[in-house]
Amino acid sequence: MANQLFRKKNIDVILRDAQEGMSDGEGHHTDLKRVLKVRDLTFFGIAAVIGTGVFTAIGTASYHGGPAVILLFTFTAIACSFAAYCYAEFASTVPVSGSAYTYSYVSFGEIFAWIIGWDLLMEYAIGNIAVAISWSQYFVRVLGGFGMHVPEWITMDYFTAHRGFNDATAALSHGAAFNSLDGGLQTTYNAWQHAPMIGNFHLIMNIPALLITAIITYIVYLGIRESKKANNIMVMIKLAVILLVIIAGAFYVSPGNWSPFMPNGFKGVMSGVSAVFFAYIGFDAISTTAEECKNPQRDLPKAMFNTLFICTGLYVVLVLVLTGMTNYTKLNVADPLAFVFQDQHSRLSNSLAGIISVSAVIVIASVLLVYQLGQPRIWMSMSRDGLLPPVFARIHPKYKTPSFSTILTGFVVGVPAMFLNLDVVIALTSIGTLFAFVLVCGGVLILQRQPNRPEARFKVPFFNGKYVVPLVLLISMALIFFKLPGYYQSLFRKEGIPMLVFFIVAIIVSVYTYLRSFSLIPVLGLLSCFYLMAQESHTNWYRFVIWLAVGLVIYFSYGRWNSKLAKSPASKNMS
């Protein structure tokens, strides 16, 4: 039983299949079009990383952390860079479309591969739901700016409308005037009041989120070349907008707004971890296009690091400009980039706010495109291995894209986007991505110790962590003990359980690092990403565990019995 669960794919077999042209679920050669170069891959990465995080989440994070949120952006970037090293080594060793799913298959075995594949479904699909909802919010505001009114009941989810209606009703019952209510409360109140009803049920749904998902899914369905062209155009617009905000915003910066620098302490800074990490998760999506790259072993690592360096620099400068233009207490808004210019109350700044809002409609759509591109290719890889039905690996004979998986991804994203809440979706996406990063970093530690492993174009630089990791952990735990009395006792409360799990994992990893001289960078990547996971709420962990449990039921019902490794006696012995 245990041997079956932990059976591994052989890297040599994967490389041979890729070279010969893998078959889809119906026995046809995939023959995916190899058209992507370093620039295209970097643009895909920028498209995914700079999107909803900049145009929405950056405001919430700045509101909680103040100007010091740049520390969170920097720390998150460092954690992602450790993971990027590990992704780069895997991408140059196993250049196929499965991303972290395939990397886990060759490192940990089939059960972990399934877990991470199921986890990536949450990362990409639910992440795209968040992007579609965010796009819808911007789109409706832009139409409103042109005097075009969209009925409120087709612009949000049911639960947001219901909660907002209750809050507005409570305020009105205490004597507040309707016009004095927050604009968001007015919108949700109107949505609930004017929604058509089926019996006692208010029919409220986010139609623009469904429409943009359908449009992007169609572009992705048509082919990788069409997706590349559309994405490159949107990324150039995106970079132009960001540079416009930075350069124009610099003239409105008042250094007094940067004080206090950390108004809510370190806890306030870290409270934005979901929003900030959501801004960084896109770089791993690049690896799903490996079979459509002209030279994946060389170009994928370059594109990953290009993406991280460019995006981190832009994020840090952007946060400084935003918090310098407007006091951080005003930034808890859905469109912070446009808001900071509106807050200057001049004709020029209002014009710039309008340009930014219109551009955001295009910019956020590019994020949607990258994730809609990545998810079908992971399903395709899982189907090739027999863990999903063959139809998931079906390749369109004309467009050379995973046709069924692409259409299904459109439904999986578009339909829930009409009904889900943005905050919950972002939190679920972040914890799922961090889990993928943890397994990829751990996988590199295993890969590096495999005898006769294939030569890779890129390898994580080796720095012996034998003494560094245990020493840093001991110093950190000692400082916490003396500087934060009662902290360790708080870990045994419900909200402290995630951090308790982190310390247990950190101690185990430190012991193994000392005994086996593990490489420092993958260990730091594993621990820093797990630390960010531990900052998530216990309720978010509950949802994550439930999601994984549902996936395991599917695996033991279908995947375990239909796995190609299970059906191949020769492959069973490969590890």
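1. Overview of the overall build of the chain
1) Next: When helices and strands are tallied, the chain shows 25 helices and two strands.
2) Next: Out of the 575 residues belonging to the chain, those deemed buried represent 58%.
3) Next: Within the chain, contacts between residues separated by at least 24 positions form 83% of all contacts whose residues are at least 6 apart in sequence.

2. Comments concerning the packing of helix H5 (residues 69-93) against helix H22 (residues 520-534)
1) Next: H22 packs onto H5 with a crossing angle of 135 degrees between their chain directions and a minimal axis gap of 8 Å. As summarised for this structure, H5 and H22 are arranged oblique, according to the angle between their axes. In this structure, H5 crosses over H22, and the sense of that crossing is left-handed. Between H5 and H22, the contacting residues are Phe75, Thr76, Ala79, Phe82, Ala83, Tyr85 and Cys86 on the first element and Ile521, Pro522, Leu524, Gly525, Ser528, Cys529, Tyr531 and Leu532 on the second.
2) Next: For the contact of H5 with H22, the per-class residue count stands at twelve nonpolar, three polar and no charged.

3. Re the packing of aromatic side chains
1) Next: On inspection of all chains with the given rule, the structure shows 31 aromatic pairs.
2) Next: Ring centres of Phe108 and Phe112 lie 5.3 Å apart, and the angle between their planes is 45 degrees; this geometry places the pair in the tilted category.
3) Next: Here Phe108 falls in the buried class, since its relative accessible area comes to 18%.
4) Next: For Phe112, a relative accessible area of 28% corresponds to the partly exposed category.

4. Points about unusual backbone geometry
1) Next: Of note, the bond from Ser259 into Pro260 is cis; its omega dihedral lies within 30 degrees of zero at 0 degrees.
2) Next: Here Pro260 shows up in the loop between helix H11 (224-250) and helix H12 (265-270).
3) Next: You will see that Lys400, though not glycine, has its phi angle at about 60 degrees, which is positive.
4) Next: A positive phi angle, near 55 degrees, is found at Ser517, a position not held by glycine.
5) Next: If you trace the backbone, Ser517 turns up in the loop between helix H21 (497-516) and H22.
6) Next: Overall, the relative accessible area of 23% leaves Ser517 in the partly exposed class.

5. So, the packing of helix H10 (residues 207-222) against helix H17 (residues 403-417)
1) Next: Packing of H10 against H17 leaves a shortest axis separation of 8 Å and a crossing angle of 170 degrees. Here H17 runs roughly antiparallel to H10, going by the angle between their axes. With respect to the hand of their crossing, H10 and H17 are arranged in right-handed fashion. Seen from H10, the contacting residues are Ala209, Leu210, Thr213, Thr217, Val220 and Tyr221; seen from H17, they are Ser403, Thr406, Ile407, Gly410, Val413, Gly414, Val415 and Ala417.
2) Next: Split by residue class, the contact of H10 with H17 holds eight nonpolar, six polar and no charged.

6. A word on the environment of Gly551
1) Next: Within the fold, Gly551 resides in helix H23 (residues 538-562).
2) Next: Linking Gly551 and Ile115, residues 436 residues apart in sequence, is a C-alpha distance of 7.1 Å.
3) Next: The residues touching Gly551, leaving out its near neighbours within four places in the chain, are Trp114 and Trp118.

7. What about the environment of Asn166?
1) Next: Relative to the helices and strands, Asn166 resides in helix H8 (residues 158-173).
2) Next: Placed 19 residues apart in sequence, Asn166 and Leu185 show a C-alpha to C-alpha distance of 9.3 Å.

8. Thoughts on the state of the cysteines
1) Next: For the structure shown, the criterion picks out zero disulfides.
2) Next: As a non-bridged cysteine, Cys86 has Cys441 as the owner of its nearest cysteine sulfur, 3.8 Å distant.
3) Next: Judged by relative accessible area, Cys86 falls into the buried class, the value being 0%.

9. Let's talk about the side chain of Ser405
1) Next: The residue Ser405 is located in helix H17 in this model.
2) Next: Taking relative accessible area as the criterion, Ser405 reaches 0% and is therefore assigned buried.
3) Next: One polar contact links the side chain of Ser405 to the main-chain carbonyl oxygen of Phe392, over a distance of 2.6 Å.
4) Next: Apart from the residues lying within four places of it in its own chain, the contact partners of Ser405 are Pro376, Trp379, Met380 and Phe392.

10. So, the pattern of salt bridges
1) Next: Using the criterion set out here, one finds three salt bridges in the structure.
2) Next: Here Arg7 ties to Glu110 by a salt bridge, and the two come within 2.8 Å at their closest N and O atoms. One end of the pair, Arg7, is in the loop between helix H1 (2-5) and helix H2 (11-20); the other, Glu110, is in helix H7 (residues 110-145), and 103 residues separate them in sequence.
3) Next: Given a relative accessible area of 0%, Glu110 falls into the buried group.

11. Section: the nonpolar core
Side chains that are nonpolar tend, in soluble globular proteins, to be buried together.
1) Next: One finds Tyr101 and Phe341 to be the most contacted residues of the largest nonpolar core, which totals 156 residues.
2) Next: With 19 residues, H7 is the largest single contributor of residues to this core.
3) Next: When residues no more than four places from it in sequence are discounted, the contact partners of Phe341 are Val245, Ala248, Gly249, Tyr252, Met325, Ser349, Asn350, Leu352, Ala353 and Ile356.
4) Next: Ranked by size, the runner-up nonpolar core spans eleven residues in total, among them Tyr189, Ala191, Trp192 and Ala195.

12. With respect to a nonpolar patch on the surface
1) Next: Taken together, Tyr467, Ile507, Val511, Tyr514 and Leu515 make up a surface patch of nonpolar side chains, about 530 Å² in accessible area.
2) Next: In this structure, Tyr467 sits in the loop between helix H18 (422-447) and helix H19 (468-483).

13. Describing a positive patch on the surface
1) Next: There is a patch of like positive charges on the surface, built from Lys37, Arg39, Arg225, Lys229 and Lys294.
2) Next: Mapped onto the fold, Lys229 is located in helix H11.
3) Next: A relative accessible area of 51% means that Lys229 is categorised as exposed.

14. Notes on the confidence of the model for the chain
1) Next: Mean pLDDT over the chain: 82, with 89% of residues reaching 70 or higher.
2) Next: Looking at the elements of the chain, mean pLDDT is at its lowest for helix H25 (residues 569-572), recorded as 50, and at its highest for H21, recorded as 93.
3) Next: Throughout residues 23-28 the model reports pLDDT below 50, and contacts reaching past four residues in sequence, or to other chains, amount to 13 contacts.
4) Next: In this model residues 571-575 is a low-confidence stretch, pLDDT under 50, and it forms eight contacts with partners more than four residues away in sequence or in other chains.

15. Quick notes on the side chain of Asp299
1) Next: With respect to the helices and strands, the residue Asp299 is situated in helix H14 (residues 296-325).
2) Next: In terms of polar contacts, Asp299 uses its side chain to reach the side chain of Arg298, at 2.7 Å.
3) Next: Sequence-distant contacts of Asp299, defined by excluding residues within four places in its chain, comprise Leu36, Lys37, Val38 and Leu41.

16. Thoughts on the environment of Gly223
1) Next: Checked against the element boundaries, Gly223 lands in the loop between H10 and H11.
2) Next: Those residues within four positions of Gly223 in sequence are excluded, and the remaining contacts are Tyr399 and Thr401.

What counts, and where the lines are drawn
Residues numbered from 1 in each chain as written. Predicted model: local features only at pLDDT ≥ 70, side-chain atom pairs only at ≥ 80, totals over all residues. Heavy atoms only, no water. Helix = DSSP H or I, 4+ residues; strand = E, 2+ residues; numbered from the N terminus. Buried < 20%, exposed > 50% of the residue type's maximum accessible area, 1.4 Å probe, protein only. Contact = heavy atoms within 4.5 Å. Axes fitted to C-alpha atoms, helices over the stretch in contact; angles between N-to-C directions. Parallel < 35°, antiparallel > 145°, perpendicular 65-115°, else oblique. Left-handed = near helix turned anticlockwise from the far one by under 90°. Nonpolar A, V, L, I, M, F, W, Y, C, P; charged D, E, K, R; others polar. Phe/Tyr/Trp six-rings, centres within 6.5 Å; stacked < 30°, edge-to-face > 60°. Disulfide = S-S within 2.5 Å. Polar contact = N/O pair within 3.5 Å; in protein donor to acceptor, adjacent residues only side chain to side chain. Salt bridge = Lys/Arg side-chain N within 4 Å of Asp/Glu carboxyl O. Core = buried A, V, L, I, M, F, W, Y, C linked by side-chain atoms within 4.5 Å. Patch = residues over 30% accessible without salt bridge, like charges linked within 9 Å, V, L, I, M, F, W, Y side chains within 5 Å. Areas by Shrake-Rupley, 256 points an atom, 1.4 Å probe, with all protein chains shown as cover. Lys, Arg positive; Asp, Glu negative; His and termini not counted. Charge placed at Lys NZ, Arg CZ, Asp CG, Glu CD. pLDDT = per-residue confidence, 0-100.

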